[in-house]
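Each chain, written out:
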Amino acid sequence: MSDQRWSYLTDMDGVLVHEEHLVPGADEFLAELRADGASFLVLTNNSIYTPRDLRARLLRTGLDVPEEAIWTSALATAKFLQTQRPNGSAYVIGEAGLTTALHEVGYVLTDSDPDYVVLGETRTYSFTAITRAIRLIEQGARFIATNPDPTGPSREGLLPATGSIAALIERATGRSPYYVGKPNPLMMRSALKALGTHTEQTLMIGDRMDTDVHSGIEAGLQTILVLSGISTRETAERYPFRPTLVVDSIADLVGRTKDPFGAA
């Protein structure tokens, strides 16, 4: 594979950063990709922030990632809805990352007879908003969720995330949402399209077997699991699928980005 020119999709939290701190080696890894002219996208299932917000967050950790190299579940959701019902309407539970992405593809945000109820991440889930979403779905709105993650991290501990609120709405309505983000390979394919690359020349780096590696494999990508986040060697062995490569952290790929699967 030494003559293969790779493009990279890489998860953000657990791979490049931990909360507000740089994962050692992440800056060198991205610098090497830039020096080699390798194309890359940083992916996240979190739909709260816009690419501009995330660029600012990464800059504070010491990582310089341009807006156009950041791909979120909010962007993937907006692109998906644009292909399904161009210039449609949606009732949104979420933050600026999601509402901005939908506005940019021509969607109208409304609580009156929308085409879709779109559920994303927020730190302020409102019982009133959830109730409205339930009633709109009962009236015929189609149910979309940005990602299935049941919890998210915070300094104080776990927080309920999109998947948990989606389960509440699903239980109340009997309608299952369509999840756009990882592990749906749709997230990977939309990222590939944004990157302008193909499965044969692209690999996915992530810290979770259940989302990153799962979606990478289903999209036909080579996958690398880093052990600096959620999954461990022990938990990875429990899955019926395996990543192409397992490394301790992103630092182990520095000096190897042209041939990550060659001898270390």
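For the structure itself, look to the data block above.
Summary of the structure given here. (Residues numbered from 1 in each chain as written. Predicted model: local features only at pLDDT ≥ 70, side-chain atom pairs only at ≥ 80, totals over all residues. Heavy atoms only, no water.)

A look at the overall build of the chain
And step 1. Helices and strands together make up the secondary structure of the chain, namely nine helices and 15 strands.
And step 2. Taken along the three principal axes of its C-alpha coordinates, the chain extends 60 × 35 × 35 Å.
And step 3. When each of the 264 residues of the chain is scored for burial, the buried share is 51%.
And step 4. Total accessible area on the chain is roughly 12,100 Å²; 49% of this is exposed by carbon and sulfur atoms.
And step 5. In the chain, 24 side chains carry a positive charge and 33 a negative one; their mean positions are 5 Å apart. (Helix = DSSP H or I, 4+ residues; strand = E, 2+ residues; numbered from the N terminus. Buried < 20%, exposed > 50% of the residue type's maximum accessible area, 1.4 Å probe, protein only. Areas by Shrake-Rupley, 256 points an atom, 1.4 Å probe, with all protein chains shown as cover. Lys, Arg positive; Asp, Glu negative; His and termini not counted. Charge placed at Lys NZ, Arg CZ, Asp CG, Glu CD.)

Details of the sheet that holds strand 12 (residues 178–179)
And step 1. Here we have five strands laid out as an open sheet, ordered 7-6-8-9-12, and parallel in their pairing. Each having just a single partner strand, strand 7 (108–109) and strand 12 make up the two edges of the open sheet.
And step 2. As judged from the four bridges shared by strand 6 (residues 89–93) and strand 8 (residues 116–119), these two strands associate in the parallel manner. Counted as the bridge partner of V92 is V118 from strand 8.
And step 3. Strands in contact with helix 3 (residues 73–84) are strand 8, strand 9 (142–145) and strand 12; relative to strand 8, the strand with the most contacts, it is inclined by about 170°. (Pairing = 2+ DSSP bridges. Contact = heavy atoms within 4.5 Å. Axes fitted to C-alpha atoms, helices over the stretch in contact; angles between N-to-C directions.)

Focus: helix 6 (residues 162–173)
Since the α-helix turns once every 3.6 residues, residues separated by three or four places project in the same direction.
And step 1. Over its 12 residues, helix 6 extends 16 Å from the first C-alpha to the last, a length consistent with the 16 Å expected when each residue adds 1.5 Å.
And step 2. Residues of helix 6 that are buried: T162, G163, I165, A166, I169 and T173. When helix 6 is viewed along its axis, its buried side chains cluster within an angular range of 160° and face the same direction.
And step 3. Considering only its buried residues, helix 6 is in contact with strand 8, helix 5 (127–138), strand 9 and strand 12. (Expected span 1.5 Å × (residues − 1). Arc of directions from axis to C-beta.)

Digging into the packing of helix 5 against helix 6
And step 1. Taken N-terminus to C-terminus, the directions of helix 5 and helix 6 make an angle of 45°; their axes are 10 Å apart at the nearest point. Taken as axis vectors, helix 5 and helix 6 run oblique relative to one another. Where helix 5 crosses over helix 6, the two elements pack in a sense that is right-handed. On helix 6, the residues touching I130, A133, I134, I137 and E138 of helix 5 are I165, L168, I169, A172 and T173. (Parallel < 35°, antiparallel > 145°, perpendicular 65-115°, else oblique. Left-handed = near helix turned anticlockwise from the far one by under 90°.)

Focus: helix 2 (residues 51–61)
And step 1. Residues of helix 2 that are buried: P51, L54, R57, L58 and T61. Across the axial projection of helix 2, the buried residues extend over an arc of 120°, all falling on one side. Turned more than 90 degrees from where helix 2 packs its buried face, R52 and R60 sit exposed.
And step 2. Buried positions along helix 2 lie against strand 2 (17–18), strand 3 (21–22), strand 4 (40–44), strand 5 (70–72) and helix 3.

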